[in-house]
Amino acid sequence: MTDTTLSSSDAGSARLGVLLMLLGMVMFSLNDVLGKWLMATYSVGQLMLIRSIAALVVLAPFFWRVGWRRLIEVERPKLHLLRSALFAFEASGFYFAVAYMPLADAMTYWLAAPIYVAALSPLMLGEKVGWRRWTAIVVGFVGVLIALEPSKDSFTLPALIALAGSLAFGIAMVLGRSLRATPDTTLVFWQIAGAAVFSGIWCLADPAGWAPVSSVDFGLLSLLGIVAMSAHMLVNRSLKLADAATVVPLQYTLLLWALVFGWIFFADAPRPAMLVGAGFIVASGLFIFFREQQLKRRG
C-alpha cells in the first residue's frame, strides 16, 4: 500500500513538473514577444536597464534574507564577473536580434547553445566527449549553417550578433558548471546585477538612445524582468519535481512557440532553410542530452 502511494505521488510530481516546464517555456516565449515589440521604441540598453532593476527589486527580499555580504564575497569573483558579462551580452544580443529577425530565426540560433557547451566542455573543463557526441556536435553545427544559409546577404549584423549571443550563452553555461558549489541565489544576483551594470554603462555612453517612457511602457519594461524571472523559477521547480530526462527536452517547445507567436503577432513566415536547420539542431541537442544522461547512469 505504501509503495503504491509513493508511486502515485511520484507520478503526480512528474506530471506537475512537466506542466511547470511547459508553462515556463510559454512565459519565456511571451517575454520574447514583449521584448521584440518594445524594441521598436526603446534601445537595448534602456530595455535591459529597466528590466534588470525591476528583477532586482522583486528579488530584494530573497537577497536580504541571504545577506548581501554572502552575495558579494564569493570565491573566484573573476569567474563570476565573466559569467555575468557573458549573460548580459547574451540577453542584449537576443533583444537586438529579435528586433530585426523573426522570433523563430533568433530562437533557432539560441537553441544551438547546448551544442556549444558539449563542444567547449573538453577544452574548458577537461570533460571527455566520445565519438557519438562529437558526431552530434558536427550535425548541430551543420544545422546552424543550414539555418544561416551562408551567403554575402545572410551575414547581416543581426545574424552575426545572434550567433555571437548564443555562443556567449553557451560559454556562460560552461562557466556555470565550474561554479556548481555556488548557491543559486548568488548566481542569480550576479547575473541580474551584471546586466544592470552593463546596461547602465551602455545608457551613459549613449544618452541619445534614452527615449521618454510612458507609465504603461514602464510597466511593460518592468514586466520583462519579472516574467523572465518567474519563468526561470518555474523551470527550476520543474527540475526538482521531475527527472531531467523527462522535462529538459520540453525546452525545445520554445521553437514551436516562436513560430506560432511570430506568425500571430508579427506575421513572420518561417523560412524552409530555418526549419530544416532547426530540425538538425534539435535532434543534435536531444541526442547530446540523452547521451549525457546515459553516461551519468552508468557512472
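See the structure shown above.
Definitions and limits used
- Residues numbered from 1 in each chain as written.
- Predicted model: local features only at pLDDT ≥ 70, side-chain atom pairs only at ≥ 80, totals over all residues.
- Heavy atoms only, no water.
- Helix = DSSP H or I, 4+ residues; strand = E, 2+ residues; numbered from the N terminus.
- Rg over C-alpha atoms; globule rule 2.2 N^0.38 Å.
- Buried < 20%, exposed > 50% of the residue type's maximum accessible area, 1.4 Å probe, protein only.
- Contact = heavy atoms within 4.5 Å.
- Lys, Arg positive; Asp, Glu negative; His and termini not counted.
- Charge placed at Lys NZ, Arg CZ, Asp CG, Glu CD.
- Axes fitted to C-alpha atoms, helices over the stretch in contact; angles between N-to-C directions.
- Parallel < 35°, antiparallel > 145°, perpendicular 65-115°, else oblique.
- Left-handed = near helix turned anticlockwise from the far one by under 90°.
- Phe/Tyr/Trp six-rings, centres within 6.5 Å; stacked < 30°, edge-to-face > 60°.
- Lys NZ or Arg CZ within 6 Å of the ring centre and 35° of its normal.
- Salt bridge = Lys/Arg side-chain N within 4 Å of Asp/Glu carboxyl O.
- Nonpolar A, V, L, I, M, F, W, Y, C, P; charged D, E, K, R; others polar.

**Focus: the overall build of the protein chain**
Counting its secondary structure elements, the protein chain contains 13 helices and 0 strands. In the protein chain, the order of α-helices and β-strands from amino to carboxyl end is α-α-α-α-α-α-α-α-α-α-α-α-α. For a compact globule of 299 residues, the expected C-alpha radius of gyration is about 19 Å, and the protein chain comes in at 20 Å, within 12% of that figure. Principal-axis analysis of the C-alpha atoms places the extent of the protein chain at approximately 65 × 50 × 40 Å. Sorting the 299 residues of the protein chain into buried and exposed places 47% on the buried side. Counted over contacts in the protein chain with a minimum sequence separation of 6, partners at least 24 positions apart contribute 88%. With 22 positive and 16 negative side-chain charges, the protein chain shows a spacing of 9 Å between the two charge centroids.

**What about the packing of helix H5 (residues 103-110) against helix H13 (residues 272-298)?**
Packing of H5 against H13 brings their axes to within 10 Å, and their N-to-C directions diverge by 25 degrees. By the angle between their axes, H5 is roughly parallel relative to H13. Seen along the crossing, H5 lies across H13 with a hand that is left-handed. Contacts from Ala104, Asp105 and Thr108 in H5 reach Met274, Ala278 and Ile281 in H13.

**Observations concerning the environment of Gly176**
Checked against the element boundaries, Gly176 lands in helix H8 (residues 157-178). Classification of Gly176 by relative accessible area gives partly exposed; the value is 21%. When the C-alpha atoms of Gly176 and His80 are compared, they prove to be 8.9 Å apart, with 96 residues separating the residues in sequence.

**Describing the packing of aromatic side chains**
Think of a pair of aromatic rings as described by two things: how far the centres are apart, and how the planes are tilted against each other in angle. Within this structure, the stated rule accounts for 13 aromatic pairs. Ring geometry for Trp257 and Phe261: centres 5.3 Å apart, planes at 20 degrees, overall stacked. Here Phe261 and Trp257 lie together in helix H12 (residues 253-266), a separation of 4 residues that amounts to about one turn. Grouped by ring-pair contacts, the aromatic residues Trp257, Phe261, Phe265 and Phe266 constitute a single cluster. Residue placement shows Lys36 over the ring face of Phe266; its charged tip is 5.1 Å from the ring centre.

**Quick notes on the pattern of salt bridges**
Enumeration over the complete set of coordinates arrives at 3 salt bridges. Arg69 serves as the salt-bridge partner of Glu73, at 3.1 Å between the closest nitrogen and oxygen. The burial state of Glu73 is the same as that of Arg69; both residues are exposed. Two residues, Asp105 and Arg271, come together in a salt bridge whose shortest N-O distance is 2.7 Å. Of this pair, Asp105 sits in helix H5 while Arg271 is found in the loop between H12 and H13, placing the two residues 166 residues apart along the sequence. Taking the relative accessible area as the measure of exposure, Asp105 reaches 7% and is therefore buried. What makes Arg271 partly exposed here is its relative accessible area of 24%.

**Some words on unusual backbone geometry**
One non-glycine residue, Arg76, lies in positive phi territory at about 55 degrees. Topologically, Arg76 is positioned in the loop between helix H3 (68-72) and helix H4 (77-100). Residue classification places Arg76 among the partly exposed positions, given a relative accessible area of 48%.

**Section: the packing of helix H6 (residues 113-124) against H8**
It is at 8 Å that the axes of H6 and H8 come closest, and there the two elements cross at 50 degrees. Considered as vectors, H6 and H8 are oriented oblique to each other. H8 is crossed by H6, and the crossing has right-handed handedness. Of H8, the residues touching H6 (which contributes Ala113, Tyr116, Val117, Leu120, Ser121 and Met124) are Leu163, Ser166, Leu167, Phe169, Gly170, Ile171, Met173, Val174, Leu175 and Arg177. Among the residues making up the contact of H6 with H8, the classes are represented as 12 nonpolar, 3 polar and 1 charged.

Keep in mind these values describe shape, not function.
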